[in-house]
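Secondary and tertiary structure notes
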Amino acid sequence: YKAQTNVSTSDLIELSTAHCKEMIINTTDDNTASYTVTITIDVDDKELANKILDEVDYKISKSGNGIEMDLEWPFRSFSNSSGLFGAKTSITMKNGKKFDYSGRMKVKMIAEVNIPKKNKLEIEGRHSTLQLGHMSNEVEIDIEHATLNANDMKAADIDIAHTTMSIGNVYGETAISLSHSKLNGMKVGSGKIDLSHSRLELIETGNASVNLSHSNADIEKGGNMELNSMQHSELEMNTAGEVIANSLQHSTLDIETAANVMVRNGQHGKIIIGKLTNFEFKSGGFTQVHIGSVSGLVDINTQHSNISIDELGSSVTKVDIENQFASVSIGTSNIKNFNLYVNDGKHTTVRISSGVKKKSDGYYTKGTGNDALEINVNCPHCTVNL
């Protein structure tokens, strides 16, 4: 089944398919769109097969936005069943015509499509395997129970379910929504990332608004990230800009290097940051916090959360920690002069390093005291390690 039509540069190309074993979408510099659909019926009755194939109809339709290519499964219903008297196949075509066959019938559909790379494209697909070439315009993808391999594109709106997908570079705005799916790609632009029971692997992303539920995301390099919600999930990044986590629930945030990280609320999770300037933890509890090195400020308000800061940089300006029923460990070897105040010292165990002097309960000093950094730890029923 073949067709071809001319395409203007302003036309939106709408392409849909279902139950296509393989669809190759070639992108060209031409101003035409075409397709070749091949349907193979594996059955003993050649006459019946020809009658079925005669009822199949494909076409390219003009729409208000551009052109439509409906290359879907040609049957309204198709069922194979086995009973006491053998197998049976029942078919209803899209035009309502019915066929019955006493035996099992196999049908395979493959397609090759050619479209201009400079036009906008919308793809809808179900139960199919697709390959998409390079697009120099925007692409909207809505597929489920499928596999898609795509090349570079200008911008992308990706909405997939129960699907495995790989992409090249997306140079502009990118929206990614995954449900029970896996996506891996190279560089994508700024936009939104929403994952549910899914896995995402990217080499680089721009600024992003993120929601994760029962999912894993691995991003080599990220821009500024706003984590609106993370539930039972894990986000791992090598580098990031400003990171704001509004809600971390039973989740792990693991970043090797970031500019600044603010966690507005974290419960029953892990926060692991290798190196950053400022770290703020506004509220929460039952969270493990491990910071490698911090060069700006530390401001933590939590409870029942073990906190470990390996190294305070010499330029640190503020360290305020509120916690309870936990441990707090702070590396201070780079700080020449500091005063440590531990509130509620009677119910807190303080272990100090060499060079630190105890002045009184809850008050410790190091150095001359001139221009000393104030380290405030309000942590009743805790162990504080300096």
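Residues numbered from 1 in each chain as written. Predicted model: local features only at pLDDT ≥ 70, side-chain atom pairs only at ≥ 80, totals over all residues. Heavy atoms only, no water.

1. Focus: empty space enclosed by the protein
- Scanning the entire structure with this criterion turns up one cavity of 30 Å³ or more.
- Estimated volume of the largest cavity: approximately 30 Å³.
- Lining the largest cavity are I193, L200, V210, L212, A217, I219, M225 and L235.
- At the level of secondary structure, the elements contributing two or more residues to the lining of the largest cavity comprise β21 (208–213) and β22 (216–221).
- When its residues are assigned to classes, the lining of the largest cavity shows eight nonpolar, no polar and no charged. (1 Å grid on protein atoms, 1.4 Å probe; cavity = no way out; pocket = protein on both sides within 12 Å on 5 of 7 lines; lining within 4 Å. Points joined across faces, edges and corners; volume = space filled by probe spheres on them. Helix = DSSP H or I, 4+ residues; strand = E, 2+ residues; numbered from the N terminus. Nonpolar A, V, L, I, M, F, W, Y, C, P; charged D, E, K, R; others polar.)

2. Comments concerning the environment of S77
- By the secondary structure assignment, S77 is in strand β7 (residues 75–83).
- The spatial distance from the C-alpha of S77 to the C-alpha of N238 is 49 Å, given a sequence separation of 161 residues.
- Leave out the neighbours within four places in its chain, and S77 touches S90, I91 and T92. (Contact = heavy atoms within 4.5 Å.)

3. Focus: the nonpolar core
- The biggest cluster of nonpolar side chains holds 110 residues, and the ones touching the most others in it are M69, L71, L132, L183, F279 and L312.
- Among residues more than four places away in sequence, those in contact with L132 are I25, T27, L121, I123, V139, L148, N149, A150, N151 and M153. (Core = buried A, V, L, I, M, F, W, Y, C linked by side-chain atoms within 4.5 Å. Buried < 20%, exposed > 50% of the residue type's maximum accessible area, 1.4 Å probe, protein only.)

4. Quick word on the layout of surface pockets
- For the largest pocket, the calculated volume is near 280 Å³.
- Contributing to the lining of the largest pocket are 15 residues, with D57, Y58, K59, D70 and K94 lying nearest its centre.
- Sorting elements by how many residues they give to the lining of the largest pocket places strand β6 (residues 66–71) first, with three residues.
- Each residue belonging to the lining of the largest pocket can be placed in one class, and the counts come to six nonpolar, two polar and seven charged.
- If you add up the space inside the second largest pocket, you get close to 150 Å³.
- What lines the second largest pocket is a set of 13 residues, and nearest its centre among them are E138, V139, E140, A156 and D157.
- Taken together, the elements giving at least two residues each to the lining of the second largest pocket come down to β11 (120–126), β13 (138–144), β15 (155–161) and β17 (174–179).

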